[in-house]
Amino acid sequence: MTPIVLCASSVPGLKADPASAEDAAKFRKARDLAQKAVDLGADPGRAYGDLGTTYMVEKDADLAGGITALEKSRALVPVRLDYGVHLFAMSRRVRDCAKADPLFLALDRART
């Protein structure tokens, strides 16, 4: 069986669309609010997921905080496939195929 190649590093020229300055500002405000929710301990799975999602507008080099938050969220609420999809997308953007490819397969199995 031929392995499925899903990671962005295998697709020449694949890039994320840049966020507008206005969108980026809204996401950063949302990040501040999500961080407060994390700090208060309110529904940590959702708080980490929301925090991680706010990093989608950042440059590839600045995704580490979002990836970490989404990994925590996936551990706490694995049924939230949306957080898994965001984690997959960010992992692809930083070319972490070792994380992205198995996550894609897990998400694909979970949706059926």
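**Q** Please clarify how the overall build of the chain should be interpreted in this entry.
**A** Secondary structure summary: the chain contains 5 helices and 0 strands in total. In the chain, once contacts between residues fewer than 6 apart in sequence are set aside, the share between residues at least 24 apart is 58%. Taken as a whole, the chain presents about 7000 Å² of accessible surface, with 59% of it coming from carbon and sulfur.

**Q** I'm lost on the pattern of salt bridges in this one. Help?
**A** When the charged atoms of two side chains lie near each other, side chains of opposite charge can form a pair. Scanning the model with the defined rule gives 8 salt bridges in all. A salt bridge links E58 to R28, with the shortest nitrogen-to-oxygen separation between them at 2.9 Å. Taken together, the positions of E58 in the loop between α2 (44-53) and α3 (64-76) and R28 in helix α1 (residues 21-40) put the pair 30 residues apart, joining distant regions of the chain. By relative accessible area, which is 39% here, R28 ends up partly exposed. Residues participating in the shared-partner salt-bridge network are R28, R31 and E58.

**Q** It is not clear to me how the packing of α2 against α3 should be interpreted in this structure. Could you clarify?
**A** Helices that pack against each other are described as a pair by the angle of their axes relative to one another and the distance between those axes. Contact geometry for α2 and α3: axes closest at 7 Å, N-to-C directions at 150°. Looking at the two axes, α2 sits roughly antiparallel to α3. For the pair α2 and α3, the crossing hand works out as left-handed. Within the contact between the two elements, α2 uses P44, G45, Y48, G49, L51, G52 and T53 and α3 uses G66, A69, L70, K72, S73 and L76. Residues belonging to the contact of α2 with α3 are distributed by class as follows: 6 nonpolar, 6 polar and 1 charged.

**Q** Any chance you could explain the nonpolar core here in plain terms?
**A** What tends to happen in soluble globular proteins is that the nonpolar side chains get buried as a cluster. Grouped together as the largest cluster of nonpolar side chains are 11 residues: Y55, L63, I67, L70, Y83, L87, F88, M90, A100, L103 and L107. Among the secondary structure elements, those contributing two or more residues to this core are α3, α4 (81-93) and α5 (97-111). Tallying contributions element by element places α4 first for this core, with 4 residues. The contact partners of L87, leaving out residues within four places of it in the chain, are I67, L70, E71, R74 and L103. Core analysis: the second largest hydrophobic core is formed by 6 residues, A47, Y48, L51 and A69 among them.

**Q** What am I meant to see in the confidence of the model for the chain here?
**A** For residues with low pLDDT, the predicted coordinates do not support detailed interpretation. Taken as a whole, the chain shows an average pLDDT of 86; of its residues, 84% reach a score of 70 or greater. Ranking the elements of the chain by mean pLDDT puts α1 last with 91 and α3 first with 96.

Here is what the cut-offs are and how they apply
Residues numbered from 1 in each chain as written. Predicted model: local features only at pLDDT ≥ 70, side-chain atom pairs only at ≥ 80, totals over all residues. Heavy atoms only, no water. Helix = DSSP H or I, 4+ residues; strand = E, 2+ residues; numbered from the N terminus. Contact = heavy atoms within 4.5 Å. Areas by Shrake-Rupley, 256 points an atom, 1.4 Å probe, with all protein chains shown as cover. Salt bridge = Lys/Arg side-chain N within 4 Å of Asp/Glu carboxyl O. Buried < 20%, exposed > 50% of the residue type's maximum accessible area, 1.4 Å probe, protein only. Axes fitted to C-alpha atoms, helices over the stretch in contact; angles between N-to-C directions. Parallel < 35°, antiparallel > 145°, perpendicular 65-115°, else oblique. Left-handed = near helix turned anticlockwise from the far one by under 90°. Nonpolar A, V, L, I, M, F, W, Y, C, P; charged D, E, K, R; others polar. Core = buried A, V, L, I, M, F, W, Y, C linked by side-chain atoms within 4.5 Å. pLDDT = per-residue confidence, 0-100.

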